[in-house]
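# Structure at a glance
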Amino acid sequence: VQLQASGGGLVQAGGSLRLSCVAFRRTFSTYVMGWFRRAPGKEREFVAAISWSGGSTDYTDSVKGRFTISRDNAKSTVYLQMNSLKPEDTAVYYCAAGPAPPTTVIVTSRDYDYWGQGTLVTVSS
């Protein structure tokens, strides 16, 4: 599975961005999709994940209520809507895909098989 992430950029604190990740594979609809991020000088961390059915989601505590993950299986695309952005959200964001049962979400990076190239999000104060 080849993944291509886009939508990053520079935004002021309190602003919004929407990240997109397109998967180039016919069986995208059977993969759980996740977003991770790596801030400068920090380890990569889980941000959000969505089951391939779309019915289950999970978020890291720091983004709950601000970020929303969604997917459009017809377009083989997963989105991350980010609102009320904070300077601490500054990071390179990566999308990832992994096979899983229809209602399963995965929060551990080692369980994802495929990764996109990353898109940089910079939030200024």
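In what follows, the accompanying structure is described. A quick note: this is a predicted structure, and the numbers were derived from the prediction, not measured. (Residues numbered from 1 in each chain as written. Predicted model: local features only at pLDDT ≥ 70, side-chain atom pairs only at ≥ 80, totals over all residues. Heavy atoms only, no water.)

### Description of the environment of S124
Here S124 shows up in strand β11 (residues 119–124). Using a relative accessible area of 27% as the deciding quantity, one classes S124 as partly exposed. A C-alpha to C-alpha distance of 5.7 Å links S124 and P87, two positions 37 residues apart in sequence. In this structure S124 touches L10, V11, Q12 and A13, once residues within four positions along its chain are discounted. (Helix = DSSP H or I, 4+ residues; strand = E, 2+ residues; numbered from the N terminus. Buried < 20%, exposed > 50% of the residue type's maximum accessible area, 1.4 Å probe, protein only. Contact = heavy atoms within 4.5 Å.)

### Here's the deal with the nonpolar core
Within the largest apolar cluster, 29 residues are counted, with the highest numbers of intra-cluster contacts made by M33, W35, L80, M82 and Y93. Secondary-structure elements contributing two or more residues to this core are β1 (2–6), β3 (17–24), β4 (31–38), β5 (44–50), β7 (67–72), β8 (77–82), β9 (91–99) and β11. Look past the residues within four positions of M33 in its chain and what remains in contact with it is L3, C21, F28, A48, A49, I50, I69, R71, V78, A96, A97 and Y112. Membership of the second largest hydrophobic core comes to eight residues, among which are F36, A49, I106 and Y112. (Core = buried A, V, L, I, M, F, W, Y, C linked by side-chain atoms within 4.5 Å.)

### Focus on the sheet that holds β1
Strand pairing in a sheet relies on backbone hydrogen bonds. The paired strands run either parallel or antiparallel. Within the open sheet, the four strands sit side by side as β1-β3-β8-β7. Their pairing is antiparallel. The open sheet has two free edges, formed respectively by β1 and β7, since each of these has just one partner strand. This sheet shows a mean twist of 15 degrees between the axes of neighbouring strands, independent of strand direction. With five bridges connecting them, β1 and β3 associate as antiparallel partners. Following the sheet pairing, Q2 is matched in β3 by F24. (Pairing = 2+ DSSP bridges. Axes fitted to C-alpha atoms, helices over the stretch in contact; angles between N-to-C directions.)

### Side note on the pattern of salt bridges
With the rule as written, the count across this model stands at four salt bridges. The partner of E45 in a salt bridge is R37, with the nearest N and O atoms 2.6 Å apart. In this structure E45 comes out as partly exposed when scored by relative accessible area, which is 32%. Salt-bridge contacts for D61 lead to K64; the nearest nitrogen and oxygen are separated by 3.0 Å. Several salt bridges converge on common partners, so that one network encompasses R37, E45, R66 and D89. (Salt bridge = Lys/Arg side-chain N within 4 Å of Asp/Glu carboxyl O.)

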